[in-house]
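The chain contents come next:
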Amino acid sequence: MERLADSGELSAIVVGIDNGGAQRDEEYIPWEFEDGDMGGEGGQYAAFLAVTLKPRIDERYRTEPNETAVVGSAFGGAISIYTAFEYPDTFQYAGSMSTSAPVEPLFQYMNGTERGPERVYLDWGTEETDRPDRVVSLQREFVQLVEDRGYERGETLLTVEDEGGVHRETAWRDRFPRA
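Reading the values: rules and limits
- Residues numbered from 1 in each chain as written.
- Predicted model: local features only at pLDDT ≥ 70, side-chain atom pairs only at ≥ 80, totals over all residues.
- Heavy atoms only, no water.
- Helix = DSSP H or I, 4+ residues; strand = E, 2+ residues; numbered from the N terminus.
- Rg over C-alpha atoms; globule rule 2.2 N^0.38 Å.
- Buried < 20%, exposed > 50% of the residue type's maximum accessible area, 1.4 Å probe, protein only.
- Contact = heavy atoms within 4.5 Å.
- Areas by Shrake-Rupley, 256 points an atom, 1.4 Å probe, with all protein chains shown as cover.
- Lys, Arg positive; Asp, Glu negative; His and termini not counted.
- Charge placed at Lys NZ, Arg CZ, Asp CG, Glu CD.
- 1 Å grid on protein atoms, 1.4 Å probe; cavity = no way out; pocket = protein on both sides within 12 Å on 5 of 7 lines; lining within 4 Å.
- Points joined across faces, edges and corners; volume = space filled by probe spheres on them.
- Nonpolar A, V, L, I, M, F, W, Y, C, P; charged D, E, K, R; others polar.
- Phe/Tyr/Trp six-rings, centres within 6.5 Å; stacked < 30°, edge-to-face > 60°.
- Pairing = 2+ DSSP bridges.
- Axes fitted to C-alpha atoms, helices over the stretch in contact; angles between N-to-C directions.
- Polar contact = N/O pair within 3.5 Å; in protein donor to acceptor, adjacent residues only side chain to side chain.
- Salt bridge = Lys/Arg side-chain N within 4 Å of Asp/Glu carboxyl O.

## Let's talk about the overall build of the protein chain
Next, step 1: Along the backbone of the protein chain there are seven helices and four strands.
Next, step 2: Counting from the amino terminus, the protein chain carries its helices and strands in the arrangement α-α-α-β-α-β-α-β-α-β-α.
Next, step 3: For 179 residues, the compact-globule estimate of 2.2 N^0.38 gives 16 Å, and the protein chain sits close to it at 16 Å.
Next, step 4: Counting over 179 residues, the protein chain shows a buried share of 42%.
Next, step 5: Long-range contacts, defined as pairs at least 24 residues apart, comprise 65% of the intrachain contacts of the protein chain with a sequence gap of at least 6.
Next, step 6: Element-wise, carbon and sulfur atoms account for 43% of the exposed surface of the protein chain, whose accessible area totals about 10500 Å².
Next, step 7: One way to put it: in the protein chain the 17 positive side-chain charges average out to a point 5 Å from where the 36 negative ones average out.

Structure follows, in structure tokens:
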């Protein structure tokens, strides 16, 4: 962010939200699972961002309320996409770096959505796990779901497949300026 601000390319207020540590899975995944070992509170988290936190920031700081992005990585990326599709009037832009989430519920959710944020950014590395081919395939399927909602690559959808990219903060840092 400092490099982008120093270059004059971007002026932004960044609000970082600490995750729930051991409760991160529950906090970032909206869907409960039958075995009860993860998920269920993501809808509350998304509502907190849209209904509580965002209005407070807009009241307190000089913001452009209709120029707001929600961005995250891994599970944080999945909840960012969910949040922006649930609250597109609040979050006009969504970004997910190395989207990581239980695949089936996220795909079902996207199949049930229509209107979302104005623009979407998705990226992933080709060496993210011990099963990189599976990850790349799922990411490409997810991109197709977003395109099926009416997003066009290069216009309202930007995707980056990072050759050799891994599932790590350093990879996300390097790809962030493109987002």
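Structure's up, so let's keep going.
## Remarks on the layout of surface pockets
Next, step 1: In this structure, the second largest pocket occupies an estimated 230 Å³ of space.
Next, step 2: Looking at the second largest pocket, it is lined by 14 residues, and the ones nearest its centre are Thr99, Ser100, Ala101, Val103 and Gln139.
Next, step 3: When residues of the lining of the second largest pocket are traced back to their parent elements, those giving at least two are helix 5 (103–111) and helix 6 (132–148).
Next, step 4: Ranked by residues supplied to the lining of the second largest pocket, first place goes to helix 6 with four residues.
Next, step 5: Considering only residue class, the lining of the second largest pocket consists of seven nonpolar, six polar and one charged.

## Overview of the packing of aromatic side chains
Next, step 1: Taken as a whole and judged by the stated rule, the model has six aromatic pairs.
Next, step 2: Here the aromatic rings of tryptophan 31 and tyrosine 109 are separated by 6.0 Å at their centres, their planes lie at 55 degrees, and the arrangement is tilted. Here tryptophan 31 is found in the loop between helix 2 (24–28) and helix 3 (42–60), whereas its partner tyrosine 109 is found in helix 5, with 78 residues between them in sequence.
Next, step 3: When its relative accessible area of 12% is taken as the criterion, tyrosine 109 is described as buried.
Next, step 4: These aromatic residues form a ring-pair network of at least three members: Trp31, Tyr82 and Tyr109.

## Notes on the sheet that holds strand 1 (residues 69–73)
Next, step 1: Reading across the sheet, the four strands line up as 1-2-3-4 and stay open at both edges, with parallel pairing between neighbours. Edge strands, defined here as strands with exactly one partner in the open sheet, are strand 1 and strand 4 (157–162). This sheet shows a mean twist of 5 degrees between the axes of neighbouring strands, independent of strand direction.
Next, step 2: Across five bridges, strand 2 (residues 93–97) lies against strand 3 (residues 119–125) in parallel orientation. Paired with tyrosine 93 across the bridge in strand 3 is arginine 119.

## Some words on the side chain of lysine 54
Next, step 1: Along the chain, the position of lysine 54 falls in helix 3.
Next, step 2: With a relative accessible area of 9%, lysine 54 lands in the buried category.
Next, step 3: Only 3.3 Å separates the side chain of lysine 54 from the backbone oxygen of proline 65, close enough to count as a polar contact.
Next, step 4: Separated by 3.2 Å, the side chains of lysine 54 and threonine 68 make a polar contact.
Next, step 5: Sequence-distant contacts of lysine 54, that is, excluding residues within four places in its chain, are made with Leu49, Pro65, Thr68, Thr90 and Phe91.

## Quick notes on the pattern of salt bridges
Next, step 1: Following the criterion strictly, the structure yields eight salt bridges and no others.
Next, step 2: Its salt-bridge partner being lysine 54, residue aspartate 58 comes within 2.5 Å of it at the nearest N-O pair. In this pair, aspartate 58 and lysine 54 both sit in helix 3, four residues apart, roughly one turn of the helix.
Next, step 3: One salt bridge in this structure joins arginine 175 and glutamate 128, with 3.9 Å as the shortest N-O distance. Of this pair, arginine 175 sits in helix 7 (residues 169–175) while glutamate 128 sits in the loop between strand 3 and helix 6; the two residues are 47 residues apart in sequence, bridging distant segments of the chain. Taken as a pair, arginine 175 and glutamate 128 share a single burial class, namely buried.
Next, step 4: Bridged by salt links that share partners, the residues Asp123, Glu128, Asp162 and Arg175 form one connected network.

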